[in-house]
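# Descriptive structure summary
Spelled out, the chains give:
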Amino acid sequence: MKKIILLTFLALTSLQNLIAQEKSEFELITSGKWHLEYVEMAGQKMEIPAEMQKMNWVIFHADGKQEGMEEGQKYVGKWEFDKSNKIIRTDDLDGKVDQKLISVTENKLIVSVKEQGTEMIMGMKK
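Residues numbered from 1 in each chain as written. Predicted model: local features only at pLDDT ≥ 70, side-chain atom pairs only at ≥ 80, totals over all residues. Heavy atoms only, no water.

This part covers the overall build of the protein. For the protein, the helix and strand inventory stands at 2 helices and 9 strands. Taken from the N to the C terminus, the helices and strands of the protein come in the order α-β-β-α-β-β-β-β-β-β-β. Residues classed as buried in the protein amount to 34% of the 126 residues present. Considering only contacts in the protein between residues 6 or more positions apart, those separated by 24 or more positions represent 36%. Summed over its atoms, the accessible surface of the protein is roughly 8,500 Å², and 56% of this surface lies on carbon and sulfur atoms. (Helix = DSSP H or I, 4+ residues; strand = E, 2+ residues; numbered from the N terminus. Buried < 20%, exposed > 50% of the residue type's maximum accessible area, 1.4 Å probe, protein only. Contact = heavy atoms within 4.5 Å. Areas by Shrake-Rupley, 256 points an atom, 1.4 Å probe, with all protein chains shown as cover.)

Here you go:
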């Protein structure tokens, strides 16, 4: 009987931790303005100059609205987060795009996107 109670407790604790982790990813993604810091393709990392970072940013609102700027052009779009697959789906200037979430912290957001069959990694910072 003690083993069943212990296993139930461990299962519930693990489930709570998983839910908290997923929730925190969503909260981190929606926590502010993300400026494009670098782009990496085929192992080549290109740092974005500070003045260009000001003209390339995105905000993911919790209600599914997306605001952003690409090369100085502002736009509004929609987005959603697929928690189980860690995919940020956007619908904006570039059309519908799936961005695989690599990692997110309070100050860094890193996603992977397939561009014409090639993987592109984008690093963003606040």
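This paragraph deals with the pattern of salt bridges. On inspection of all chains with the given rule, the structure shows 5 salt bridges. Two residues, R89 and D98, come together in a salt bridge whose shortest N-O distance is 3.2 Å. Judged by relative accessible area, R89 falls into the partly exposed class, the value being 30%. On the basis of relative accessible area, D98 is assigned to the partly exposed category, the value being 41%. One salt-bridge network, held together by shared partners, links D82, R89 and D98. (Salt bridge = Lys/Arg side-chain N within 4 Å of Asp/Glu carboxyl O.)

In this structure, A42 is a non-glycine residue whose phi angle is positive, near 50°. Its location among the elements puts A42 in the loop between β1 (33–41) and β2 (44–47). The exposure class assigned to A42 is exposed, which follows from its relative accessible area of 74%. The residue Q116 is not glycine, and still its phi comes out positive at about 50°. Position of Q116 among the secondary structure elements: in the loop between β8 (108–115) and β9 (118–125).

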